[in-house]
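# Close look at the chain arrangement
One-letter residues, chain by chain:
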Amino acid sequence: MTPRINILIVDDEPKNLTVLETVLDDPGYRLVRAESANQALLALVAEEFALLILDIRMPEMNGFELAQMIKERKKTAQIPIIFLTAYYNEDQHVLTGYGTGAVDYLHKPVNPTILRSKVAVFAELYRKNHEIELANHALNDEVIERRLVEKRLRDLNDTLEHRVAERTEALRDVDRRKDEFLATLAHELRNPLAPVRNAVQLLYLKSPEIPEVKWASEVIDRQTQVLGRLIDDLMDVSRISRGKIELKRERVELAKVVQRAVETSRPLIEQNGHSLTLDLPPGSIIIDADPTRLAQVFLNLLNNAAKYTERGGKIELHAETNRNQVIVSVKDTGIGIPAANLPTIFEMFSQVETALSRSQGGLGIGLSLVKRLVEMLGGAIEARSEGLGQGSEFIVRLPIVVEQPGSQEAEGEPARGPQTAGLRILVVDDNRDAAATFSALLRAMGNELQIAYDGEEAVAAAATFRPHVVLCDIGLPKLNGYEACRLMKQQAWNDNMMFIAVTGWGQDEDRRKSRDAGFDEHLVKPVDTPYLLKLLSNIDKSAFRPIESRA
Ligand code: ADP
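First things first, this report covers the structure right here in the doc. Treat the numbers as computed from the prediction; the structure is a model and nothing was measured.

What follows covers the overall build of the chain. Tallying secondary structure elements over the chain gives 16 helices and 17 strands in all. The proportion of buried residues among the 551 residues of the chain is 42%. In the chain, once contacts between residues fewer than 6 apart in sequence are set aside, the share between residues at least 24 apart is 68%. Accessible area for the chain stands at about 30,100 Å²; split by element, carbon and sulfur atoms hold 53% of it.

Laid out in structure tokens, this is it:
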């Protein structure tokens, strides 16, 4: 139902007002009577009117004056006014009426139909305006509500963002503290390892004749080595996550690095009865890398191959160059990797659930470490396997250093490192892999190499080969290293040969024994290659007689 609209009728004659009431009787109108200008003003203050019907001739204040006042008041200025008069009929009056802002001017006696229809127009106009006003209000309210909702959303968003930022920071903090904890843990776990190993070696040295002591010391030695490797991995992972791994890059010889990895991995490979084949291309391959970290990459792959292959398997390390990169693959005949696990095998803590995998322990961080190291060196790694039981292959690609033509090194003069080329070197080691890799490295540096696998063979080889240097293992079949060295030193054909013991034992007693046997140097495995190269660079080839002239 539409609300009734107020119409103010003003006339000093009550009967005129009654006539107006009769003419304008309509349920949509509420007629308010005023018999003087003052009454009219009071009514206008009290409520809102859609229309004013105003008599002109009134005592005290006439209709024109009242209209003037109404138009001057801001609150009432917009109210339309219809003047009614029986006296003011001249144009001038009509104009005065319009001049006050009235919208119509009617003469008495009023034609009821005309008055009704004029009032109806203004009433309709008022209603429409009122509706528009209401709609405007509603719209305004909606806009305000929207703004409020938007503000609430913004506030909520800010709060959420703030909370997310706080949580992220808290998580980062936890993560940081976890990494720091891992680093401290690894460090603290590592510290007791060296004394344990030293103590067990001491026990063994004190009673080498008791087989149980020997066996127990070897077990402890092996297990502490495994533990040491796990702790090293743990340390590296925490270093990598804290961005604390620094690569000490230098130009390294691939064969040298591979040899170092093979030397370290050999006990595990032998313990599992595997065979290892090395296939490196001739000539030297130079990589710009941190030698220790690169060796760690190959060591991890070789150890995994040994771990995840049933006893008596085959492991192959093959390298080849392709334009500016070297591709090194470590392949085994082991348990293989199911296709589903291949895509995630390099992720941290990723382990394949197989009986053999489980029995090998491990933390599942070795491969992720390998991948990160390889990537830090500008290379890439990939895993291949035809599936369970089908063996695995890990392929590492690394950029190689291409020598600038005309550079010092290209002209045959190494820019750095000692000059060790042109020597005849005899390598004596019953471990064929160790002998092969060691010789490969030295040969790659431009030396002439021969290998002997036992003491007797060493003496025989030295007699004909007349080496400048003999690199000799101690624990050898037939004649041990000490005996072989003594024998060679006594020969007439030996003039200035250099004898270097290369052994796993590095106690004072061991060094004394090799000195007594006639060795010039005593190196502990894994050999510190730069030191060896320095020793070799000191050899004066001119101090040797030509082979033919020696008896
Ligand atoms: P860990 O050996 O300590 O478990 P790694 O990161 O070195 O951790 O290896 C992750 C997993 O990948 C191993 O648990 C094993 O399941 C699988 N894996 C690694 N190397 C080989 C391989 N040569 N043959 C088969 N599975 C392998």
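This next bit is on the sheet that holds strand β13 (residues 424-428). The strand order β14-β13-β15-β16-β17 describes an open sheet built from five strands, whose pairing is parallel. Each of the sheet's edge strands pairs with one partner strand only, and the pair in question is β14 (448-452) and β17 (521-524). Within this sheet the neighbouring strands show an average axis-to-axis angle of 20°, counted without direction. When β13 meets strand β15 (residues 469-472), the two strands line up parallel, connected through four bridges. For Leu426, the partnering residue across the bridge sits in β15 and is Val470. Each of β13, β14 and β15 touches helix α12 (residues 432-444); the most contacted strand, β14, lies at about 170° to it.

Any space left empty among the atoms is revealed by the rolling of a water-sized probe across them. Of the pockets and cavities examined, the second largest pocket occupies roughly 440 Å³. Lining the second largest pocket are 16 residues; nearest its centre among them are Glu48, Phe49, Gln78, Ile79 and Tyr126. Ranked by residues supplied to the lining of the second largest pocket, first place goes to helix α5 (residues 112-190) with six residues. Split by residue class, the lining of the second largest pocket holds eight nonpolar, four polar and four charged.

Every one of the 21 residues lining the ligand counts as a neighbour, but Asn304, Tyr308, Asp332, Gln351 and Leu367 are closest to it. Taking Val352, its main chain carries an N or O atom lying 3.0 Å from an oxygen atom of the ligand. For the ligand, whose free accessible area comes to 530 Å², the fraction covered by protein is 98%. When residues in the shell around the ligand are grouped by element, the largest group, three residues, is from helix α9 (residues 291-307). Classifying every residue of the shell around the ligand gives 10 nonpolar, nine polar and two charged.

Let's shift gears to the environment of Thr85. With respect to the element layout, Thr85 can be found in strand β4 (residues 81-85). The exposure class of Thr85 is buried, given its relative accessible area of 0%. Along the backbone, Thr85 and Asp55 are 30 residues apart, and their C-alpha atoms lie at a distance of 5.9 Å. If sequence neighbours within four positions are ignored, Thr85 has contacts with Ile56, Tyr105, Leu106, His107 and Lys108.

Time to look at the nonpolar core. Nonpolar side chains tend to gather and get buried jointly when the protein is soluble and globular. Counting 54 residues, the largest nonpolar core has Leu254, Ile287, Leu294, Phe298, Leu301, Val326 and Leu398 as the members making the most contacts within it. Sorting elements by how many residues they give to this core places α9 first, with nine residues. Discounting residues that sit within four places of it in the chain, Leu398 has contacts with Ile287, Leu294, Phe298, Asn324, Gln325, Val326, Val374, Leu377 and Gly379.

Time to look at the packing of helix α6 (residues 193-206) against helix α7 (residues 211-241). As a packed pair, α6 and α7 sit with axes 9 Å apart at the nearest point and diverge in direction by 165°. Accordingly, the angle class assigned to the pair α6 and α7 is roughly antiparallel. For the element pair α6 and α7, the recorded crossing hand is left-handed. Where α6 abuts α7, its residues Leu193, Val196, Arg197, Val200, Gln201, Leu203 and Tyr204 lie against Val213, Lys214, Ser217, Ile220, Asp221, Thr224, Gln225, Leu227, Gly228 and Ile231. Residue composition of the contact of α6 with α7, grouped by class: nine nonpolar, five polar and three charged.

Evaluated as defined, the whole model comprises three aromatic pairs. Seen from their ring centres, Phe346 and Phe394 are 6.1 Å apart, and the 90° between their planes marks the pair as edge-to-face. Here the residue Phe346 occupies a position in the loop between β10 (325-332) and α10 (355-359), and Phe394 occupies one in strand β12 (residues 392-399), the gap between them amounting to 48 residues. Each of the two residues, Phe346 as well as Phe394, counts as buried. Aromatic ring contacts, followed pair by pair, group Phe64, Phe83 and Tyr105 into a single cluster.

About the criteria used
Residues numbered from 1 in each chain as written. Predicted model: local features only at pLDDT ≥ 70, side-chain atom pairs only at ≥ 80, totals over all residues. Heavy atoms only, no water. Helix = DSSP H or I, 4+ residues; strand = E, 2+ residues; numbered from the N terminus. Buried < 20%, exposed > 50% of the residue type's maximum accessible area, 1.4 Å probe, protein only. Contact = heavy atoms within 4.5 Å. Areas by Shrake-Rupley, 256 points an atom, 1.4 Å probe, with all protein chains shown as cover. Pairing = 2+ DSSP bridges. Axes fitted to C-alpha atoms, helices over the stretch in contact; angles between N-to-C directions. 1 Å grid on protein atoms, 1.4 Å probe; cavity = no way out; pocket = protein on both sides within 12 Å on 5 of 7 lines; lining within 4 Å. Points joined across faces, edges and corners; volume = space filled by probe spheres on them. Nonpolar A, V, L, I, M, F, W, Y, C, P; charged D, E, K, R; others polar. Near = heavy atom within 4 Å. Polar contact = N/O pair within 3.5 Å; in protein donor to acceptor, adjacent residues only side chain to side chain. Core = buried A, V, L, I, M, F, W, Y, C linked by side-chain atoms within 4.5 Å. Parallel < 35°, antiparallel > 145°, perpendicular 65-115°, else oblique. Left-handed = near helix turned anticlockwise from the far one by under 90°. Phe/Tyr/Trp six-rings, centres within 6.5 Å; stacked < 30°, edge-to-face > 60°.

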